[in-house]
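Residue-level structural notes
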Amino acid sequence: MAQRGLVRTALRTPTGALALVTVVLLIVLAIVAPIIWGDKAATANVDHLLEGGSAAHPLGTDNIGRDLLARTLVATRLSLVLAVLTVLVGAGIGVPLGALPTLLGRRSARLTAAVTDLALAYPALLLAIFLGIILGAGPTAAVVALGIASAPAFARLTQTLAASVAGSDYVAAAHVLGLSRRRVLFRHVLPNIAEPIILNVTVAIGYALLALSGLSFLGLGVQPPSYDWGQLLTSSLNRIYVVPEAALGPCVAIVIAGLAFNGLGEALARASSTRSTYVRSPVRGTTSAFEPILPVADQLRVADDPVLVVEGLTVTFPTADGTIAPVRGISFSIGNGERVAIVGESGSGKSLTALSLAQLVPHPGMVRADRLEFLGRDLSDGTDPEGVVGTSMAMVFQDTSTSLNPALRVGTQLSEVAEVHGGLRRAEARRRAVDRLREVRLSGPERRLRQFPHELSGGMRQRVMIAVGLMGEPRLIVADEPTSALDVTVQQQILRLLKEIGDDTGASCLLITHDIAVATEMCDRILVMYAGRIVEDIDASRLWEGPAHPYTRALLAAVPDMDTDRDVELASIPGRPPDPADLPTGCAFAPRCAFATDKCREDRPPLLLDKTDSHRVACWHPQQGSVVAHEDDRLESEVG
Amino acid sequence: MVSLTAPARVGFADKHPTAAFLLRRIGRMIILLLLLLVLSFAMIHLVPGDPVRAELGPRAPASAVEARKAELGLDQPIPQQFADYVQGLLTGDLGTSTTLHLPVSEVIAERLPNSARLAGIAFVVIMLLSITIGMIAAVMTKDGRHSGGELAFTSATGFFATIPEFVLGVALVYAFGVELDWFPVAYEPGVAAYVLPVAALSIGSIAALSRIVRVETLDVLGADYMRTARSKRLPARLTYLRHALPNMLTSTLTLGGLLLSGLIGATVLVENVFAWPGLGTAVVDSVVAQDYALAQAIMVLLGATVLIINLAVDLIIGLIDPRSTIREL
C-alpha cells in the first residue's frame, strides 16, 4: 500500500514517469527478446561478415555475420540478470552486516561501522580484478566481486537506518517488554527500514549494470560465446573507424539502462522524502500588496545633525499566500552620537529593520523606503555608490558562534576590512587589528589574531565582532541582539563595552533588543515596535515617568526583578503578537489592549508627535502617569 | 583495552589535537597496508590449481615444476615465503612477468608514469572545473533565482554523471577522433593524446562533483558568517573565494578523495579504451593471461595508492579545517 503510493507520487514527475516506463520496457525486453530474436542473434551468415548498417541489419553484423541489433536486444537479459544478481549478493551481505549491531549491541556496532567505513573507500573495480585473479576472469567473479564491493554501502545504509529506528520509542518499549533482540530486529526494525533499502536497490541495479558492462568491456566479465552489452561493445570497438554504428547499439543500451534505473531510484527517493512535507515554492514578484500599508500620516522630527534618517521603510516577503510585510512603513532618525534602541517581541520586525539599513535583507525580501539616508547619502534604491555602509556602519550580530567565519583566523577577519576599505597594507592592517582588539579589552591581542573563532569563548567572540566593526571608521554601530546568546555576567560586560566605545569614538548606536530594561540602561531614546510599526518613540529618561502607549506600559510592567531569568521573553503580556499575514485593520495591538475601543479596531492610529516635540506615540487612547507595578494584572483580567 | 589507554590518550589529544589526529590516521593506514600485503600474498595461494603448473603447461615434467617452485621459493614454509615476499616488495624484486618476459619492476617503472600522468591531470581538471562550475551555479541559483537554469544544471549533470567512463570514451573516440579527427584516439607521445582520455575520465566526475559543490556552496552562502562578510562590503572575489570557498572545501575534498580512489578504477577502464600503455591495461592483460607476479604487484601498488590518497586527503582536510580534527575527539 505504502509502496504503491510511493510509485504513484514518483510517477507525477515527468522524469520519474519516463524512468519507470523505461525500466518496465527493459524488463519486458529482457523476458521476450531472447525468445523473439534469439535465433537471429545466433545465426552466423558468411555472406554478411563485418557489415555496416543496412536495411536488413540496421547496426551491421559481427565477424561471423550475426545481426548486431538482435544481439544488442537479446543481451538485455544477461546484462539485467547479472546486475540483479550482483545487487542480491551485495544486499545479501550488506543488510545483515548492517543489522548486526542491532542484534549484538554497542561494541560490535562500532567495529562493524569501522570495517564498513574502510571497505567503502576501496574501489570496486580493484576488488573485481582481485577476485578475477583468484576465481578466473568470468561472470561469476564479476558478480561476486561487485556484489561484495557494493555490500559496504548497503551495510552503512542499513546501519544508519536501523540505528535511527532502534532509538525510537516503540523499539525502546519493545525492549522493556522483554522482546529478544532478534524479535525486535525482525518485528520492528526491518519492516520500518524496508522502503529506503528498496529505493537503494533500484539505484544499485543501475550502478551494477554499468560496472558489469565495464568489466565485460575489459574482458573480465562475461566471456564469449556468451555476451552482454559490455562484451558486445568490446568486440565492436576495434571497428569504430569503419563501422561506428556497431558500437552504437551497446553504448546506447548501457546509457539508457543506467539513466532509467538511476532516474527511477531518484524519483522514488524524492517521492518518499517529499510525500509527508510537500513545500510549495514561494510565489514571486507580487508587490501589489504593498500599497495599502503605506498611507503615511506618521510624523517625524528629524534629529539635528542626523546620522541616519529613515522614512516609510517597508520590508516585504512574497509567500505562497501572498505578500507579507514584516516592517510596515516606519520612520525614525538617529542623531550624531545618539544611542537609540528598538524594542519589541520576536516577529515585531526589529531585526529586519536593522538588516535593511545595512542592505542585508535576505532574498526574496524587498526593501522600500521613501527616504533612507545615511551620513547624507541616499541609500533608498538599495545601492551604496560611495561605499559608506561598508566603512561607516558597523554590524554586530547576535550569534557569534555562526556570525564569525569558522575557517578564517581572527586576524584575517579583522584586517581585511582595513585592507579593502582603508587601503592599508597587511602589516598596517594587522597593527590596527591589534589596536582594535585592545580597544575591546581582549587580552593578548597579538595571540588572538592567530586563533580561530572556535578557540574563543562567546563573550570573546562578541568582542571580536565589535572589533571588526571598529576596523573602519564607524559612525553608526548597529547591534542586533548582541547579548542574547551570552550569559548574564558577560551580557553586562558587552553592553558596557558598547557604551564605552560609543563614548570614545562618538559613533551613534542602534541597539536591537527584546529587553526594555537593557534598552533603558544603554540608550538615550527608545523606539517600541509592534507588528512591523513603531508604536512609541520616547526618551529613555522619560520612560519611567510614563510612556503613553499601552503596549510600552505593558512591556515596562513586565520587566523582571533582579533575580528573574531574562531569557524568557516578555512572558506576562497576555495574548500573542499578531500573524504578519493576517493583521487587524485598525491598531494591531487592539486585540491585546485593555483600553481598546471600536475606533481602535477600525482605524489605525498614526504615529504623532506630542506637544513636547520629542515624544511620538501611535495610540487613540494615550495613557499618562508612571507605570503601576503589575499593571499587567489588570490588562490580563480585562482582556481575559 | 580502550579504557586502559584512554586517560593517557585523552591527555595527549587535549594538548595536541592535530598531532593525535595525524598519529591515529597514520596508524590506521599502516594496519590497512599490512592487510593489503597479507591479502595480496594470500591471493597466489588462493588461486585454484597450481600456478606454477599453469605457467609451465600441463605437459611439463614434474621435476621442472619442482625446480621452478624452488626457484620461486614456493617450497618454503608459508611465514618464510611471506617474509621473502615483503622483502622483495621493499627491494623492488617483484619477480618476472610470465607473459612479457621482463622483470615486473621494469614493467611497472615503464607504465606507472603513463597512468599517473593520466589520473593526475584528470584529477586536477575535475577539482578545478567542478569547484568553479558548482560555485557559479550556486551563486546563479541561490535563493531560488533562475529556477530554469537550476533545472538545466541538474538535468545535464545528472545525465553526464550516469554515463560510464568507458562509454563516454568510446563516444569521444567516435566524435573527436574518427569523425572530426581532431585528437589521437590511442596513445602516442605528446599532449594531444591526453585530451580525449582526460575528458573521458573527468566529465562524469565533474558533473557529479559540481552538483555536490553547488549544494554545499548554497549551504555556505546562507550561513550567518556570509551575512557578516556581506556587511563588510568586501569585493565579490574575497566574499566568495576567502569566505565561502574554505568552508565548502572540506566536504568537497572528502568527496574528491573518494573520487580520486574511484578514479584509479576508472583509469583502468579508460586506458583500455585508448590502448594506453599504463598499469590499467597491464593489470587487465595479466589477469586474463594469468600472469600472477605482474597482477599481484600491480594490485599491491594500486591498493597502496588508494590508501595513501585517502590518508593525504584526511591530512589536508585536517590542515584546512581544524574543526574536523576537533570533531573527532
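The coordinates are above.
Throughout what follows, the structure given in this document is the object of discussion. (Residues numbered from 1 in each chain as written. Chains lettered and ligands numbered in written order. Predicted model: local features only at pLDDT ≥ 70, side-chain atom pairs only at ≥ 80, totals over all residues.)

Moving on, we get to the overall build of chain B. Helix and strand counts for chain B come out as 14 helices and 0 strands. Counted from the first residue to the last, chain B has its helices and strands arranged as α-α-α-α-α-α-α-α-α-α-α-α-α-α. Within chain B, the proportion of its 329 residues that are buried is 37%. Long-range pairs, those at least 24 residues apart, make up 72% of the contacts in chain B with a sequence separation of at least 6. (Helix = DSSP H or I, 4+ residues; strand = E, 2+ residues; numbered from the N terminus. Buried ≥ 20, exposed ≤ 12 C-beta atoms within 10 Å, placed from the backbone. Contact = placed C-beta atoms within 7 Å.)

Here we come to the interface of chain B and chain A. Interfaces are frequently sized by the accessible area removed from exposure as the parts join. With 56 residues of chain B at the contact, the number on the chain A side is 55 residues. Of all the secondary-structure elements, those providing two or more residues to the side of chain B that touches chain A are α2 (17–46), α7 (147–162), α8 (165–179), α10 (224–231), α11 (236–273), α12 (279–288), α13 (292–320) and α14 (322–328) of chain B. No other element matches the 13 residues that α11(B) contributes to the side of chain B that touches chain A. The residue makeup of the side of chain B that touches chain A, split by class, is 35 nonpolar, 12 polar and 9 charged. (Nonpolar A, V, L, I, M, F, W, Y, C, P; charged D, E, K, R; others polar.)

Now for the nonpolar core. Within the largest apolar cluster, 151 residues are counted, with the highest numbers of intra-cluster contacts made by A:A128, A:I129, A:A145, A:L146, A:A208, B:V170 and B:I298. Per element, the largest residue contribution to this core is 16 residues, and it comes from helix α3 (residues 68–104) of chain A. Residues within four places of A:A128 in sequence aside, it is in contact with A:A142, A:A145, A:L146, A:A149, A:L215 and A:L220. Membership of the second largest hydrophobic core comes to 99 residues, among which are A:L300, A:F397, A:V420 and A:L543. (Core = buried A, V, L, I, M, F, W, Y, C linked by C-beta atoms within 7 Å.)

The next point concerns α8(B). Residues and elements named next belong to chain B. Its 15 residues give α8 an end-to-end C-alpha distance of 20 Å, which sits within 8% of 21 Å, the value for a rise of 1.5 Å per residue. Within α8, the axis deviates most sharply at V173, by approximately 25°. Along α8, the residues that are buried comprise E165, F166, V167, L168, G169, V170, L172, V173, Y174 and G177. A positive backbone phi angle near 55° is found at D181, which sits one or two residues after α8. (Expected span 1.5 Å × (residues − 1). Bend = angle between axes of the 7 residues up to and from the residue.)

All names here are of chain A. As summarised here, the arrangement of the 8 strands in space is β7-β8-β9-β3-β10-β11-β13-β12, forming an open sheet in which the pairing is mixed. Strands with a single pairing partner mark the edges of an open sheet, and in this sheet they are β7 (393–396) and β12 (608–609). Summarising the sheet, strand β3 (residues 339–343) and strand β9 (residues 508–513) pair through 5 bridges and their orientation is parallel. Bridged to A341 within β9 is L511. The strands touched by helix α17 (residues 458–470) within the sheet are β7 and β8 (476–480), with β7 carrying the most contacts at an inclination of about 170°. Against the sheet, helix α21 (residues 550–557) makes contact with β3, β10 (525–530) and β11 (533–539), and its axis sits at roughly 105° relative to β10, the strand it touches most. (Pairing = 2+ DSSP bridges. Axes fitted to C-alpha atoms, helices over the stretch in contact; angles between N-to-C directions.)

Here the focus is the environment of A:A151. All names here are of chain A. With respect to the helices and strands, the residue A151 is situated in helix α6 (residues 139–166). With 23 C-beta atoms packed within 10 Å, A151 lands in the buried category. Between the C-alpha atoms of A151 and V87, which are 64 residues apart in sequence, the distance is 8.4 Å.

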